[in-house]
Every structure is written in C-alpha cells, then in structure tokens.
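Topology and contacts: notes
Below are the chains, spelled out letter by letter.
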Amino acid sequence: MLRRWHLVTFVLLGALALACEQGAGGAEPKPTGSVKGYPSSMAALGDSITAGFGSCGAFLICGRNSWSTGTADAVDSHYRRILAKNPRIEDHARSFAQPGADSSDLAGQASRAVDMKAEYVTVLIGANDACASAPAAMTSVTAFRASIDQALARLRKGLPKSRVLVASIPDVYRLWQAGHTNPDAVRVWSRAHICPAMLSDPTAQTKAAEDRRRQVRDRIDDYNDQLRQSCKAYGKRCRWDNGALHESRVTLDLVNQVDYFHPDAEGQHEIAEATYPGRFTW
C-alpha cells in the first residue's frame, strides 16, 4: 500500500527477488479444466498487500506469502487451499499485483488475467487510493467506481465463465488505533511517511487530526460500498467478501516490524482466512 513516490526504490529492490518470489506462478498457465468445481488456474490483482510486500521482514516483494497466490505453508493461501482440492492448479497461479497500484491500475492487471485465461481472479485494491498525502488528494468516489467498473467489465468480457472474488479494503483507522501508542510504530510511520493521510502525526489528539483520520476512514467505507455494488452488478460469478476483511482483527502482531503497516505472514494468513470462499459454488 505504498504511494507512488516510494515505488521506484521498492521496484528496484523487488526486482532482485522477483525470480524466486513469483508466488505460485513460475510459468505461463495452461488451464486444464476444473475438478469438482475448483478452478485450475488463478490470477491475483491488487497492490502491495497481495504482492506480499514486507511479509518476509524486508522492503521487498515476497510473493510466497501472498494471501492469494502464495506457496508458504504458514499463510495457507487461496492457491494452496484450492491445490489441496484440485492438483491441476499447480504452477497455474500468477500474481499481477504491484506495490503502489491504485484503482486506476486495475484494468491493466485485469487484461493480464484475461490473457492467461484465469479461471479464478482475486481483487484487493483501494488502500493506495485512500493513503494519499492528505484527504484532499484521495481518489474521488466517482473516479474509484469508474476504475473498478472498467476492470470488472474487462474480466466479464474476457473471462465470462471465470469467477471473481472482490475483497474489502482493510481498516487503516483501526491500525492507527492499534499502533499510535507504540513508540516503534509511531517512529516508522512518521519517518517513512506511511499512509500520511491517516498516519501522519500519529500521536496528535487534536480535533483537526481526528477529523483528518475520520475523513480517510469514511472514504474507505465509501470505496468498500462501491466495490460491493460493482461486484453485484457484475453478476453471479462475482463474490463480494461481505466486508469480512475490513472487519477482521487489526493488531500490531499481524503487520511486519519494518513498516508496521503491511501484513506479515500471520497477517497474510488472516486475510486468506477472512476471504476464502470455502466451496466454489457461486
């Protein structure tokens, strides 16, 4: 969920690990058909959360820990859960999520999922739209919805028989509540300018500071409502997580100790738990 001014540094670092951190997707997938309703290929769309950024304890993409396409035992990602039911998905999962991505980047990622003919697509996007330099710089609700609709329309047209999961945006306000009294988190948030619209001046208790945080919290709520509506408009092959990720627990032991923001491996496991559909019956 890093803003774009951090992206150049982290892309350079991430490239060093890219060859061994592609999640489950080392080769181009060759879909082979479903087994008992479970997909045989999948794609992950989104930002640094889905990319597993920071989950290995460093400022690097760590695809093996992705809640969606990761291979790590500790995370038990959607990919691993599907693999246990359908071995045909092995090596047929790709992550197109990128640190710094916001809603305007989603359509491009969706096109890549279409190109690989993914039978299952996960979407988690929106944190960067809210984590701007200030509330006034956040993506408007109208623009956000337009970008989501464009991306989902691309999936619906290109993958009419595939299934799509749309996850809600995590509650960054509750992360502030959990961490604003922790000296280490406060220091990192302040020095690294992590999600400044919400986390700048994290110890301030003034009305202006609280109003700023509530603006961000409310905008995320608005984004989640648009995600829900867009998924509903998509049709029966899109599943909304019913706000499960947004409502899931938020504690500092679920984020890494480098930026106190991105989920660690346990946090990625929590996302997988909150969003996994169980049986693929929709």
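All values derive from a computational prediction rather than experimental measurement.

Moving on, we get to empty space enclosed by the protein. The final tally for this structure, using the stated rule, is one cavity of 30 Å³ or more. The calculated volume of the largest cavity comes to roughly 280 Å³. Residue lining of the largest cavity: 19 residues in total, with P170, R249, V250, V255 and P263 positioned closest to the centre. Broken down by secondary-structure element, the contributors of at least two residues to the lining of the largest cavity are α7 (172-179), α11 (244-247) and α12 (265-275). Counting residues per element, the lining of the largest cavity draws most heavily on α12, at three residues. Counted by class, the lining of the largest cavity contains 12 nonpolar, four polar and three charged residues.

Quick look at the nonpolar core now. L45, V121, L155, V164 and V166 are the most contacted members of the largest nonpolar core, which has 51 residues in total. In terms of residue count, the dominant contributor to this core is helix α10 (residues 207-234) (six residues). With sequence-adjacent residues up to four places away left out, L155 is seen in contact with L45, A110, A113, V114, V121, P160, V164 and Y234. Formed by 17 residues, the second largest nonpolar core is a distinct cluster that contains W67, Y79, Y120 and I271.

All right, on to the packing of aromatic side chains then. Scanning all chains against the criterion turns up three aromatic pairs. An angle of 35° between the planes, with centres 5.6 Å apart, marks the rings of Y173 and W176 as tilted. Taken together, the positions of Y173 and W176, both in helix α7 and three residues apart, correspond to about one turn of that helix. Classification of W176 by relative accessible area gives buried; the value is 4%. In this arrangement the basic side chain of R81 is found over the ring face of Y276, its NZ or CZ atom lying 5.4 Å from the centre.

Among all positions of α12, only G267, Q268, I271, A272 and T275 are buried. Along the axis of α12, the buried positions cluster into a sector of 145°, meaning they face one direction only. Here the buried face of α12 lies against α2 (48-51), α3 (78-85), β4 (163-166), β5 (238-240) and α11. The backbone nitrogen of E266 has a side-chain oxygen 3.1 Å away, supplied by the residue at the start of α12, namely D264.

This part is about the packing of helix α6 (residues 141-158) against α10. One way to put it is that α6 packs onto α10 with a least axis distance of 10 Å and a crossing angle of 30°. Put simply, α6 runs roughly parallel to α10. Crossing handedness for the pair α6 and α10: right-handed. Listed contacts from α10 to V141, F144, R145, I148, D149, L152, L155 and R156 of α6 are R219, D222, Y223, Q226, L227, Q229, S230, C231, A233 and Y234. The class makeup of the residues in the contact of α6 with α10 is 10 nonpolar, three polar and five charged.

A few words now on the environment of S147. With respect to the secondary-structure elements, S147 resides in helix α6. The class for S147 is buried, based on a relative accessible area of 14%. Separated by 40 residues in the primary sequence, S147 and A107 place their C-alpha atoms 7.1 Å from one another. Ignoring anything within four residues of it in the chain, the contact list for S147 reads S103 and S104.

For the structure on display, the rule yields 12 salt bridges. In this structure, R213 and E210 form a salt bridge, with 3.4 Å as the shortest nitrogen-oxygen distance. Of this pair, R213 and E210 are both found in helix α10, three residues apart, which corresponds to roughly one turn of the helix. The two residues R213 and E210 agree in class, both being buried. Here the salt bridges do not stand alone but share partners, grouping D76, R81 and E273 into one network.

With respect to the element layout, S95 can be found in strand β2 (residues 93-95). As a C-alpha pair, S95 and G63 span 32 residues in sequence and 7.9 Å in three-dimensional space. Once you skip the residues sitting within four places of it in the chain, S95 turns out to touch A44, T50 and T69. A polar contact of 3.5 Å, which involves the side chain of S95, links it to the backbone nitrogen of A97.

Criteria and cut-off values
- Residues numbered from 1 in each chain as written.
- Predicted model: local features only at pLDDT ≥ 70, side-chain atom pairs only at ≥ 80, totals over all residues.
- Heavy atoms only, no water.
- 1 Å grid on protein atoms, 1.4 Å probe; cavity = no way out; pocket = protein on both sides within 12 Å on 5 of 7 lines; lining within 4 Å.
- Points joined across faces, edges and corners; volume = space filled by probe spheres on them.
- Helix = DSSP H or I, 4+ residues; strand = E, 2+ residues; numbered from the N terminus.
- Nonpolar A, V, L, I, M, F, W, Y, C, P; charged D, E, K, R; others polar.
- Core = buried A, V, L, I, M, F, W, Y, C linked by side-chain atoms within 4.5 Å.
- Buried < 20%, exposed > 50% of the residue type's maximum accessible area, 1.4 Å probe, protein only.
- Contact = heavy atoms within 4.5 Å.
- Phe/Tyr/Trp six-rings, centres within 6.5 Å; stacked < 30°, edge-to-face > 60°.
- Lys NZ or Arg CZ within 6 Å of the ring centre and 35° of its normal.
- Arc of directions from axis to C-beta.
- Polar contact = N/O pair within 3.5 Å; in protein donor to acceptor, adjacent residues only side chain to side chain.
- Axes fitted to C-alpha atoms, helices over the stretch in contact; angles between N-to-C directions.
- Parallel < 35°, antiparallel > 145°, perpendicular 65-115°, else oblique.
- Left-handed = near helix turned anticlockwise from the far one by under 90°.
- Salt bridge = Lys/Arg side-chain N within 4 Å of Asp/Glu carboxyl O.

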